[in-house]
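These are the residues of each chain, in order.
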Amino acid sequence: MKKSFFLILILFVCAQFSAARTIAHKRAERMSVGMNISYLDNWWNGTKAKIYGDFAKTSEAAKREKMFADIARAGFKTVRIPINFGAWANYEKPYKWENQEGLKLADSFVKWASDNKLNAIIDLHHVEFDGSVKGAAATERVVWLWREIAERYKNTDPEKVFFELRNEPHDIKADEWRRQAEEIIKAIRKIAPNHTLIVGFHDWNSRQALIESEPFKDSNIIYTFHYYDPFLFTHQGATWSNKGLAEMKNIPFPWKETFSAKAPQNVDDTCVVGLINTYEKDSQEAKMSADLKTAKDWSEKHKVPVFIGEFGSFTRYAAEADRCRHAETVYKIFGKLKIPNAWWEWDGGFNMFKKGATEIADCMRKAVDSFEAQK
Ligand code: BGC
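Definitions and cut-offs
- Residues numbered from 1 in each chain as written.
- Predicted model: local features only at pLDDT ≥ 70, side-chain atom pairs only at ≥ 80, totals over all residues.
- Heavy atoms only, no water.
- Helix = DSSP H or I, 4+ residues; strand = E, 2+ residues; numbered from the N terminus.
- Buried < 20%, exposed > 50% of the residue type's maximum accessible area, 1.4 Å probe, protein only.
- Contact = heavy atoms within 4.5 Å.
- Axes fitted to C-alpha atoms, helices over the stretch in contact; angles between N-to-C directions.
- Left-handed = near helix turned anticlockwise from the far one by under 90°.
- Nonpolar A, V, L, I, M, F, W, Y, C, P; charged D, E, K, R; others polar.
- 1 Å grid on protein atoms, 1.4 Å probe; cavity = no way out; pocket = protein on both sides within 12 Å on 5 of 7 lines; lining within 4 Å.
- Points joined across faces, edges and corners; volume = space filled by probe spheres on them.
- Domains from an automatic or database assignment.
- Disulfide = S-S within 2.5 Å.
- Pairing = 2+ DSSP bridges.
- Phe/Tyr/Trp six-rings, centres within 6.5 Å; stacked < 30°, edge-to-face > 60°.
- Parallel < 35°, antiparallel > 145°, perpendicular 65-115°, else oblique.
- Salt bridge = Lys/Arg side-chain N within 4 Å of Asp/Glu carboxyl O.

### Thoughts on the environment of histidine 235
Move 1: Among the structural elements, histidine 235 can be located in the loop between helix H10 (231-234) and helix H11 (270-277).
Move 2: Histidine 235 gets classed as buried once you look at its relative accessible area, which sits at 5%.
Move 3: Histidine 235 sits 83 residues away from alanine 318 along the chain, and the two C-alpha atoms are 9.0 Å apart.
Move 4: Those residues in contact with histidine 235 that lie beyond four places of it in its chain are Tyr228, Trp240, Ser241, Leu245 and Phe350.

### Looking at the packing of helix H13 (residues 285-302) against helix H14 (residues 320-337)
Move 1: Across the interface, H13 lies against H14 with an axial gap of 10 Å and an inter-helix angle of 35°. Seen from above, H13 lies across H14 with right-handed handedness. Along the contact surface, H13 presents Glu285, Met288, Ser289, Leu292, Lys293 and Lys296, while H14 presents His326, Thr329, Val330, Ile333, Phe334, Lys336 and Leu337.
Move 2: For the contact of H13 with H14, the per-class residue count stands at 6 nonpolar, 3 polar and 4 charged.

### A short note on the layout of surface pockets
Move 1: Taken as a whole, the largest pocket encloses approximately 1300 Å³ of empty space.
Move 2: Forming the boundary of the largest pocket are 43 residues, of which Glu168, Tyr228, Phe231, His235 and Ser241 lie nearest the centre.
Move 3: Counting only elements with at least two residues in the lining of the largest pocket, the list comes to helix H8 (202-205), helix H9 (207-211), H11 and H13.
Move 4: The greatest single-element share of the lining of the largest pocket, amounting to 3 residues, is contributed by H13.
Move 5: Partitioned by chemical class, the residues of the lining of the largest pocket number 15 nonpolar, 14 polar and 14 charged.
Move 6: Mapped onto the domain boundaries, the lining of the largest pocket takes at least three residues apiece from domain 1 (24-230 + 286-373) and domain 2 (244-282).
Move 7: Estimated volume of the second largest pocket: approximately 500 Å³.

### Remarks on the state of the cysteines
Move 1: Scanning all chains against the criterion turns up 1 disulfide.
Move 2: The disulfide bridge from cysteine 324 ends at cysteine 363, spanning 2.1 Å between sulfur atoms. Negative torsions about the S-S bond denote left-handed disulfides, and the value of about 55° found for cysteine 324 with cysteine 363 makes this one right-handed. Note that cysteine 324 is positioned in helix H14 and cysteine 363 in helix H15 (residues 362-374), a separation of 39 residues in sequence.

### Structural notes on the pairing of strand S1 (residues 33-36)
Put simply, side chains in a regular strand alternate between the two faces of the sheet.
Move 1: Side chains Val33 and Met35 of S1 all project onto a buried face; the interleaved residues Gly34 and Asn36 project onto the opposite face, where all are buried too.
Move 2: Bridge analysis of S1 against strand S8 (residues 341-343) gives 3 bridges, and the strand direction is parallel. The residue bridging valine 33 from the neighbouring strand is asparagine 341, located in S8.
Move 3: With 3 bridges joining them, S1 and strand S2 (residues 78-83) adopt parallel strand pairing.

### Quick look at the environment of proline 305
Move 1: Tracing the backbone through its elements, the reader meets proline 305 in the loop between H13 and strand S7 (306-310).
Move 2: Taking the C-alpha atoms as reference points, proline 305 and arginine 21, 284 residues apart in sequence, are found 8.9 Å from one another.
Move 3: Beyond its immediate stretch of four places on either side in the chain, proline 305 contacts Ala24, His25, Ala28, Ile221, Ile222 and Tyr223.

### A word on the packing of aromatic side chains
Move 1: This model, assessed by the stated rule, comprises 32 aromatic pairs.
Move 2: With centroids separated by 5.6 Å and ring planes inclined at 50°, the aromatic side chains of phenylalanine 233 and phenylalanine 253 adopt a geometry described as tilted. Separated by 20 residues along the polypeptide, phenylalanine 233 in helix H10 and phenylalanine 253 in the loop between H10 and H11 bring together distant segments of the chain. In this pair, the class of phenylalanine 233 matches that of phenylalanine 253, namely buried.
Move 3: Centre to centre, the rings of tyrosine 331 and tryptophan 343 are 6.3 Å apart; their planes meet at 10°, and the pair counts as stacked. Of this pair, tyrosine 331 sits in helix H14 while tryptophan 343 sits in strand S8, and the two are 12 residues apart along the sequence. For the pair tyrosine 331 and tryptophan 343, one class covers both residues: buried.
Move 4: The rings of Phe55, Phe85, Trp88, Tyr95, Trp97 and Trp144 are connected pair by pair, giving a single aromatic cluster.

### So, the packing of H14 against H15
Move 1: Here H14 crosses H15 at 10°, and the two axes come no closer than 7 Å. Relative to H15, the element H14 lies roughly parallel. Only Cys363, Met364, Lys366, Ala367, Val368, Ser370, Phe371 and Gln374 of H15 make contact with H14, whose side of the interface consists of Glu320, Arg323, Cys324, Ala327, Glu328, Tyr331, Lys332, Phe334, Gly335 and Lys336.
Move 2: Broken down by class, the residue content of the contact of H14 with H15 amounts to 9 nonpolar, 3 polar and 6 charged.

### Notes on the pattern of salt bridges
Side-chain pairs of opposite charge can arise where the charged atoms are in close proximity.
Move 1: Scanning the entire structure with this criterion turns up 28 salt bridges.
Move 2: Close ionic contact of lysine 354 with aspartate 362 constitutes a salt bridge, the shortest N to O distance being 3.9 Å.
Move 3: For lysine 354, a relative accessible area of 29% gives the class partly exposed.
Move 4: For aspartate 362, a relative accessible area of 58% corresponds to the exposed category.
Move 5: Arginine 365 serves as the salt-bridge partner of aspartate 369, at 3.1 Å between the closest nitrogen and oxygen. Separated by 4 residues within a single helix, aspartate 369 and arginine 365 lie in helix H15, roughly one turn from each other.
Move 6: Relative accessible area serves as the criterion here: at 40%, aspartate 369 is assigned to the partly exposed category.

Such coordinate-based values are descriptive only and should not be taken to indicate function.
Encoded structure:
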């Protein structure tokens, strides 16, 4: 009697546990460590008169086939492929594709990921062109784009291919983005019912936006946020971000006694001043870990998986030893919290390579390996 009671109890507990683990949880776990591929997002390389639609060249893309093999060989399990599909279609209804070549490039990238047994995230990146193209991110247009993308990739393996709705929605209110995301989800589900979707929230996919939001009804979603903290370190030298960051250099990680950084005189943007003032605290492992735990707590509370779609540091001025210390700190925390992730990015300004080479620096290798070691 006693024995069968315990058996039933164990079965009941197991059933509860597996019920809480959705297909999205299982697929998220398999993502493990990932890498972003930068290239099909670089719309600014296109011609303004052609509304950037010619930004990616077939001949240059073909040279990138080997890159997928290199990424797989380096032990990454997932590639996030940021693609500005939006640059290849017109801006007024009826929408239509204007650059079939671009679409073929995207197909090649997805195929090369699959040839190398990598999970592939098809990420709709920069669809709003940072506000420079009117109507580019209108809900009707983004939904149209997704209907087309879902049709194009619906026959890919849903265990390996993921659809990410929109990278870093910004200049859009929380509820507006939520409504747009709901429309996209509805449209994709009619076409690709089994693919796992990746969805982040407003305010550039920030962690804060995630923890202040509620999950969607669809249970096959992995939630994403980006983690570039401490921003003063990861974006020192960056010309595309907050004013004053471009002038920041030699910021150590973590903070040390000799740290001294001054915002340039002409910077009225208080953000950089704030980042300098709080750097000592912001670069402590304890603070970073506590922040990231809030996202993990959110995921546990709502019984949904989370994934860090971007993190990394800009190579321009940061010293290799500091970048490696930062990477190792972050990978260790992700490992402890079991959060799958994708480094930003393989061979552009945030790469992990030894200076002047295309081989991962030894201390970066150690940093990546610390993810698995913590689990
Ligand atoms: C943007 C890149 C940028 C990176 C780091 C990405 O989401 O697409 O252009 O380099 O964030 O700031």
